[in-house]
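Summary of the model geometry
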Amino acid sequence: MKITKSNFLIILSFSWILNSAAQETNSPWPKSTNTNQPWARWWWMGSAVDKPNLKRSLTDFHNAGIGGVEITPIYGVKGEENNFIDYLSPKWMEMLDYTVHVADSLHMQVDMVLGTGWPYGGSHVTVQNAATKLIIEKYELKKDETFDRNITVENKKEKNPADLLYVVAYGKDGSYINLTDQLKKNQTKIKDKGIDGKSVAIPAQTEPNKLKWKAKKTDYTLYAVFSGKTGQQVKRAAPGGNGFTLDHYSQEALNAYVVPFNNAFKGREGKIRAVFNDSYEVYGTDFTPKFFEEFQKLRGYDLKKELPLLLNETDSEIGNRIRSDYRQTIGDLLLNKFDKPWTEWAHSKSFKTKLQAHGSPGNLIDLYAAADIPECETFGSMPFDIPGFRREKEDIREGDADPVMLKFSSSAAHISGKNLVSSETFTWLREHFKAALSQCKPEAEDLMLSGINHIFLHGSTYSPDRAVWPGWQFYAAVNFNANNSIWEDAPSLFSYISNCQSLLQQGKSDNEILLYWPIFDTWDKYQKGTLFFEFKIHSLQEWLHPTSFYASTKKLMNKGYGVDFISDNFIAEAKVLNGRISLNGTTFKALVIPPTQKMPLATLQKLIELKKAGANIIFESLPQSVPGFNDFKSQEQELQNLLSANSEIVKPSSDVLKTLETALIYPETLVNTGLKFTRRNLDGEKIYYLVNHTTKTIDGFIPIQAGNKEVIILNPLTREFGNAIVQKSANTTLVKIKIAPGESYFLKTENTASQKKWNYYEPTADAIALKGNWKINFDKGGPELPPSATISNLESWTTLGPQAEAFSGSATYTLEFNNPNAKTENWSLNLGDVRESAKVWVNGEFIGTAWSVPYQLNIGKLKSGKNILKIQVTNLSANRIRNKEIKGEEWKIFYEINMVDKDYKKFDATKWAPIPSGLLGPITITPLKQQN
C-alpha cells in the first residue's frame, strides 16, 4: 500500500489510540470501587423521609463521588411531626428497602445503626435489660446489736428500681458471713409445699428485703449489694426509638434487644452491608445482674468476700489489684457477652459489623478486633505547619486525633486480618458553616497515615426539597450536601480520598514492629477508686499520654518504624513463621515490650515461647509482677522464676533502636526529611503514602527500604503517574521526588519500569504577577446574586457591597493577560489565597480544581499574545447564615439539642464578622522547564 499523507495520519491516529488504550490498561491505579470512595453518616431527622427526596439525595451523593451511606435516625424537625415515621415500623422498613434499591441502582451500598441515635437502646429495652450500676448500702453494727429493718436504697436521687442481690457482713475480727439467705424474701417456710410435695419459697408481700440479724461475736459492717439502673436513655433518639440504654455486659440483654430486628430483617438478609455501633457512651455502667457469678468464673474468687477492699477509698496495693480484676471483668463481659455475639448475630443475617470501641471500659485492641470493620473517630481540629493553612482560634475546638490513639483501631484490624479500617471524620472540624475543603485534606491525610482506609464523613443530614435554606442540620457536622456551598467542589475532595483509599486498600499493612499495650498498668492504678474506667479519646491525658507505652510508640514512629499494637489475647494467638511473628496472615519482624509493671504470667510464658521459636522479642524492661488478686503471690514468684530461668533471652535492651538495627530491622529514614508515611505490601512490592505537612518543599532523593527497585510515582490529587528517577543499591532505593507543603504522593515499587517517565519540573524564572481588570460575575448562590463588578486589586468580594457581603455561592473571575514568554512550554498557576475553592479554565479549556493548599495548577503552554483566565470561586456558607440571623430569620427548628456552637453554647452567627471570600491573591504564573 502506498502511504499517502492521509493514510499516514490514519495510521498515526490508530497507533495513538492503541497506545492510549494500552497505557490505560497498564495504569497503576486500581479500578475504583464504591468502597474506595468516602461514605457518609446520613442522619434521618424524625425519619421524615420520602421516596423522591431519598432518590434525589442518593443521586447527589453518587454524582459527587460518595460510595455509601450509614443511616442514623435521630430526633425530628419542628413542624414536620405529621411526616415522622416510627423506627422499624412497616413504613420505615419500606423507606429502608427503597433506599437500598436506589443505592444498588447507583452502585452504592448502605450501612445502618442498629437503633436510633446512640448508644444502643430503645422502647423495647426492659428495666431488667437496661444499663446497670452497682449500688452499695453500708451499715455499722455493734456487738450484741440487732439489725432489724427492710433494706432499701437510701439515696433519694435513685429514681429507678434497684434489686437487692446480696447482704454480707464483715466482722472486726476478720470474719465473713453471707446473710443473703436470711432476707425475708429468700426464706422458705417448711410448711409451704409445692404440688410435688417439696418446700417452696413464698415471696414476701411486704418488706421483702427485711433482715433480722444479731451481731453476736464482734462489731460488724454490713454491705447490701444492689443491682441498680443508670436510667440513661438513648441520646438523640428518633421517633419510636426512645427508651433505656441497653446493658452491654449481658448476652441475655443483647438477645432480647435484637428480637425486633430479627423480625424486621426477615427476608432482608444481606440487603444492607453492615450494622454500626457508635463510640461507647454508656455512662456509669459498672455492673450487670450476674456480675458476681461471672467474676468468680473469670477471676477465680468470690468478690463478695472482698467488698471492703474493693470499695475502700484508699490507694493500696491489694485494693488496686481487686479493682484491676473488676475492671478487667467488665472488659471481658463487654467483649464476650456483647461485641462478639453482636458480630455473630450480624453474620447470621449476612451483615458485617462496624464498631467504634473507644470510650469502652475494656481492652480497645480486642474490642475493635471483635468487629469486621474497626472504626476510630476524630473530634475537633488538629494543627498543621503547612504555610497558608488556616486554623483560626475562634472557629476551632482543639482536636483529639492523636496518631497513637488512631492506631488502636488500625492495629486491631491488622493483627486480626481485617482489611478495612474506618473513621468517623471531620466531627466539629470547624464552627458550623465555616469548614473548608482545604481544612479537610490534612485531617483526612493524618487518618490515612495512621492506617485508616475507609473514611466516613461526619456527615450529611437528609433534607427534603421543601426545607428552606440551609435545610435540616445536625449539630456537630460539616454537613456534606447540596445545601452547603462547599458541595460545589466537594467532588474534588472525595476524588482525592477515593484515589488514596484505592491504594491503601490494596495488599496488607507493612508495619514491621508490634508493641505490647500493658493495659494492666492502667487498670491497676487507683484511678480515684472508680470501678468504671473508660479509655476515651477525650481523656488521653488520663490513660495514654503519661505512659511509657506512649513514649515508646512515639520513639519508634519518630525514628521511622511502622508500629502496630498488640494485646495479651493476641499474643496468645501469635505464631512464628520464618523468624517473623505471624497473626492472621500478617507478619511482623519484632515485638517490643515497653516498660511494664504487671504482665499476666501466661503472656510472659508465650513471649518466651515465641522467643525460643526464633522471634525477635525485645524487652525495654522486665515486668515486676502479675496483675490481679487471686493467688498473686505464688504467680508473682513463678513469674520471677521464669525470668531468672530465661535471663539471657529476656535481657532488657538499654536502647531499643540499636537493638532493632542489630537485628537488621531498619527504619524508613525518609522521616528525617519531615515527611510522614505509611507503607503497604502488595504481592511483595511496596506501596508508600507520603505526605508533606512541613513548612518547606522537600526536593531531592529520598531513601526507601526496598533494594534495587524501579518506582512509580502516583499523584492522588490528579491521578498522574510515571516512573521516577531512582538510584539503586542492595538494601535501599533512592527516589527523586519534589513535594511542596500540603502535597502528597504514592510510591509503588516494581522490578522493571512499566510506565512513562515521571515529569519533573523546575522554575526557570521568578513568578510573574497577573494584573489587570478582573471581571466578577456572581453565578449561583444566595440569598440573592450581587451585581457584577470589575476590580483591579484582588480583595474579598465582601467589600463590594451589602449583597456581596451576605452572599454565599460561586462567582467567576475573568482576566485577559499577555503571554510573557511564548517559548515557555509549561506554566504553573498559583492562585495565592483562595476563599475557598476554585475551578480554572485557560482559553476555554478546563484545567482543574484548586481546593487545597498549595492552590496551584500546571496549566501547560499559553497562546502567544492574549490569553483568557477564568476562575470560578466558591466561598463558605458562613456569610449567608450570618445575614439570615441578622435579619431575624429563624432556621433552628430542631428538637432536642437544636443547634449549638462548637463549644456547645447557643449558636449565634450575628456575632461573626464577614468571612473573606473569593480571590485574595496574589495570582502568579511561573515558567517551568521539564527536567527528565
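What counts and what doesn't
Residues numbered from 1 in each chain as written. Predicted model: local features only at pLDDT ≥ 70, side-chain atom pairs only at ≥ 80, totals over all residues. Heavy atoms only, no water. Helix = DSSP H or I, 4+ residues; strand = E, 2+ residues; numbered from the N terminus. Rg over C-alpha atoms; globule rule 2.2 N^0.38 Å. Areas by Shrake-Rupley, 256 points an atom, 1.4 Å probe, with all protein chains shown as cover. Phe/Tyr/Trp six-rings, centres within 6.5 Å; stacked < 30°, edge-to-face > 60°. Buried < 20%, exposed > 50% of the residue type's maximum accessible area, 1.4 Å probe, protein only. Lys NZ or Arg CZ within 6 Å of the ring centre and 35° of its normal. pLDDT = per-residue confidence, 0-100. Contact = heavy atoms within 4.5 Å. Axes fitted to C-alpha atoms, helices over the stretch in contact; angles between N-to-C directions. Left-handed = near helix turned anticlockwise from the far one by under 90°. Nonpolar A, V, L, I, M, F, W, Y, C, P; charged D, E, K, R; others polar. Salt bridge = Lys/Arg side-chain N within 4 Å of Asp/Glu carboxyl O. Pairing = 2+ DSSP bridges. Parallel < 35°, antiparallel > 145°, perpendicular 65-115°, else oblique. Polar contact = N/O pair within 3.5 Å; in protein donor to acceptor, adjacent residues only side chain to side chain.

1. Thoughts on the overall build of the protein
Within the protein, the regular secondary structure consists of 21 helices and 45 strands. Taken over the C-alpha trace, the protein has a radius of gyration of 32 Å; the compact-globule value for 932 residues is 30 Å, and the two agree within 12%. The principal-axis extent of the C-alpha atoms belonging to the protein is close to 115 × 75 × 55 Å. For the protein, the exposed surface amounts to about 38,000 Å²; the carbon and sulfur share of it is 49%.

2. Brief notes about the packing of aromatic side chains
On inspection of all chains with the given rule, the structure shows 63 aromatic pairs. Aromatic pair Phe433 and Phe907: ring centres 6.1 Å apart, planes at 65°, arrangement edge-to-face. In this pair, Phe433 is assigned in the loop between β15 (422-427) and α11 (437-449) and Phe907 in the loop between α21 (878-886) and β44 (918-921), connecting sequence segments 474 residues apart. Taken individually, Phe433 and Phe907 each receive the classification buried, so the pair is uniform in this respect. Summarising the aromatic geometry, the rings of Tyr475 and Tyr904 are spaced 6.1 Å apart at their centres and angled 70° between planes, so their arrangement reads as edge-to-face. One end of the pair, Tyr475, is in the loop between β16 (454-461) and α12 (490-504); the other, Tyr904, is in the loop between α21 and β44, with 429 residues separating them in the sequence. You can call Tyr904 partly exposed: its relative accessible area is 36%. A cation over a ring is seen here: Lys441 above Tyr496, with NZ or CZ 4.8 Å from the ring centre. The aromatic ring of Tyr760 is capped on one face by Lys736, whose charged end is 5.5 Å from the ring centroid.

3. What about the confidence of the model for the protein?
Per-residue pLDDT for the protein averages 95, and the proportion of residues at 70 or more is 95%. This model gives residues 1-24 a pLDDT under 50, and the stretch forms 5 contacts once residues within four places in sequence are excluded.

4. Here's the deal with the packing of helix α2 (residues 51-64) against helix α3 (residues 90-105)
Packing of α2 against α3 leaves a shortest axis separation of 10 Å and a crossing angle of 35°. For α2 against α3, the interelement crossing comes out right-handed. Listed contacts from α3 to Lys51, Leu54, Lys55 and Leu58 of α2 are Glu94, Met95, Tyr98, Thr99, Val102 and Ala103. Split into classes, the residues belonging to the contact of α2 with α3 amount to 6 nonpolar, 1 polar and 3 charged.

5. Overview of the pattern of salt bridges
One pass over the structure, following the stated rule, counts 52 salt bridges. A salt bridge links Glu70 to Arg41; its shortest N-O distance comes to 2.7 Å. Of this pair, Glu70 sits in strand β2 (residues 68-74) while Arg41 sits in strand β1 (residues 39-45), placing them 29 residues apart in sequence. The buried category is assigned to Arg41, whose relative accessible area is 5%.

6. Some remarks on the sheet that holds strand β19 (residues 563-566)
One open sheet accounts for 4 strands, arranged β19-β18-β23-β24; its pairing is parallel. Each having just a single partner strand, β19 and β24 (617-619) make up the two edges of the open sheet. Recorded for the sheet is a direction-independent mean angle of 25° between the axes of neighbouring strands. Bridging between strand β18 (residues 513-516) and β19 involves 4 bridges; their strand directions are parallel. Directly across from Ile513, in β19, lies its bridge partner Val563. Helix α10 (residues 403-416) contacts β18 and β19 of the sheet and is inclined by roughly 75° relative to β19.

7. Some details on the pairing of strand β28 (residues 710-714)
Within β28, 5 of the 5 residues are buried, leaving the element largely enclosed by the surrounding structure. Pairing analysis gives 5 bridges linking β28 to strand β32 (residues 744-750), with the strands arranged antiparallel. In the strand pairing of β32, Leu714 is matched with Phe746. As judged from the 3 bridges shared by β28 and strand β29 (residues 721-723), these two strands associate in the antiparallel manner. By the bridge assignment, Ile713 is partnered in β29 with Gly722. Hairpin connection from β28 to β29: 6 residues lie between these consecutive antiparallel strands, with Arg719 at a positive phi of about 70°.

8. What about the sheet that holds strand β14 (residues 373-379)?
Spatially, the 8 strands close up into a barrel ordered β1-β2-β3-β12-β13-β14-β15-β16, and their pairing is parallel. Neighbour-to-neighbour, the strand axes of this sheet turn through a mean angle of 30°, independent of strand direction. In this sheet, β16 lies alongside β15 in parallel orientation, the contact comprising 4 bridges. Across the sheet, Glu424 pairs through a bridge with Phe456, a residue of β16.

9. Concerning the side chain of Ser502
Mapped onto the fold, Ser502 is located in helix α12. Aside from chain neighbours lying at most four places away, what touches Ser502 is Trp29, Pro30 and Asn36.

10. Section: unusual backbone geometry
A cis amide bond links His458 with the next residue in sequence, Gly459, at an omega value of 0°. By the element assignment, Gly459 lies in strand β16. In this structure, the amide linkage connecting Gly921 to the following residue, Pro922, adopts the cis form with an omega of -5°. Residue placement: Pro922 occurs in the loop between β44 and β45 (924-930). At Leu664, a residue that is not glycine, the phi angle is positive and equals roughly 60°. Structurally, Leu664 can be placed in the loop between α19 (656-662) and β25 (676-682). By relative accessible area, Leu664 is classed as exposed at 58%. Unusually for a residue other than glycine, Glu896 sits at a positive phi of about 60°. Here Glu896 is to be found in the loop between α21 and β44.

11. Section: the packing of α11 against α12
Between α11 and α12, whose axes approach to 10 Å, the crossing angle comes to 10°. Judged by the angle between their axes, α11 and α12 are roughly parallel. Of the residues in α12, those touching α11 at Leu437, Cys440, Lys441, Glu445 and Met448 are Ala490, Leu493, Tyr496, Cys500, Gln501 and Leu504. Of the residues belonging to the contact of α11 with α12, the class tally is 8 nonpolar, 1 polar and 2 charged.

12. Topic: the side chain of Asp400
Relative to the helices and strands, Asp400 resides in the loop between β14 and α10. Beyond its immediate stretch of four places on either side in the chain, Asp400 contacts Phe379, Met382, Ile537, His538 and Leu540.

13. Considerations on the environment of Asn481
Of note, Asn481 is situated in the loop between β16 and α12. With a relative accessible area of 8%, Asn481 lands in the buried category. Distance from Asn481 to Glu836, taken between C-alpha atoms, is 16 Å for residues 355 residues apart in sequence. Aside from chain neighbours lying at most four places away, what touches Asn481 is Ser460, Thr461 and Trp487. In this structure the side chain of Asn481 is engaged in a polar contact, spanning 3.0 Å, whose partner is the backbone oxygen of Thr461.

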